[in-house]
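Summary of structural features
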Amino acid sequence: QVAGMPERISHLTQHLKDHPKDFSTRRGLVALVNKRRRLLNYLFREDEQRYVDIVGALGVRHRVPGAIASKEDKYGRFPGQKNTKGKSKNKK
C-alpha cells in the first residue's frame, strides 16, 4: 500500500502548485500523507528491517515515533525564564 503512494502524492503536489486554491485536493493530499505516516508507523512497530528497506527504496522522509521527551530534554537547551510570580511590575 505504501509503495503506490509517492506517485499519487507527487501528482497531487504538482496539481496544488498549479492550483493553489484547490482546497479539496489539499485535503486529500493531507489525508494521503497521514495515511502513509500511519502505515509506516505500523510497519516500524511490526518489522523494523522491512521499514528501513521500504523507506530507503522509496526515498521518503519519515520520523518514527519515539519515546515522549521529558520537559528537560525538550527545553533544556534554552535559558530559564525569570520568576516573576508575586512580584509587582510597577514598584515605586
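Data block above holds the structure.
Residues numbered from 1 in each chain as written. Predicted model: local features only at pLDDT ≥ 70, side-chain atom pairs only at ≥ 80, totals over all residues. Heavy atoms only, no water.

Before going further, it helps to examine the overall build of the chain. Counting its regular elements, the chain contains four helices and zero strands. For the chain, the succession of helices and strands along the chain, N to C, is α-α-α-α. Whereas a compact globule of 92 residues would reach a radius of gyration of roughly 12 Å, the chain reaches 22 Å, over 25% beyond that. For the C-alpha atoms alone, the extent of the chain along its principal axes is close to 70 × 40 × 15 Å. The buried share of the chain, reckoned over its 92 residues, is 17%. Taking as baseline every contact in the chain between residues at least 6 positions apart, the subset at least 24 positions apart corresponds to 41%. (Helix = DSSP H or I, 4+ residues; strand = E, 2+ residues; numbered from the N terminus. Rg over C-alpha atoms; globule rule 2.2 N^0.38 Å. Buried < 20%, exposed > 50% of the residue type's maximum accessible area, 1.4 Å probe, protein only. Contact = heavy atoms within 4.5 Å.)

Below, the discussion takes up the side chain of Arg36. Within the fold, Arg36 resides in helix H2 (residues 23-46). Here Arg36 occupies a buried position and makes no salt bridge, while the nearest side chain of opposite charge, Glu7, is found at 12 Å. When sequence neighbours within four positions are dropped, the list of residues in contact with Arg36 reads Val2, Met5, Ile9 and Val60. (Lys, Arg positive; Asp, Glu negative; His and termini not counted. Salt bridge = Lys/Arg side-chain N within 4 Å of Asp/Glu carboxyl O.)

Right, let's talk about the packing of H2 against helix H3 (residues 48-58) for a bit. Geometry of a packed helix pair, given as the angle between the helix axes and the separation of the axes. Where H2 contacts H3, the two axes come as close as 6 Å, and the packing angle between them is 140 degrees. As summarised for this structure, H2 and H3 are arranged oblique, according to the angle between their axes. Mapping the contact onto sequence places Leu40, Leu43, Phe44 and Glu46 in H2 and Glu48, Arg50, Tyr51, Ile54 and Val55 in H3. (Axes fitted to C-alpha atoms, helices over the stretch in contact; angles between N-to-C directions. Parallel < 35°, antiparallel > 145°, perpendicular 65-115°, else oblique.)

What follows is about the packing of helix H1 (residues 5-18) against H2. Two elements in contact, H1 and H2, have axes whose closest approach is 10 Å; the angle formed by their N-to-C orientations is 155 degrees. Classed by the angle they form, the pair H1 and H2 counts as roughly antiparallel. The element H1 and its partner H2 pack so that their crossing is left-handed. Counting all contacts with H1, which are made through Met5, Arg8, Ile9, Leu12, Thr13, His15 and Leu16, the residues of H2 involved are Thr25, Arg26, Leu29, Leu32, Val33, Lys35, Arg36 and Leu39. (Left-handed = near helix turned anticlockwise from the far one by under 90°.)

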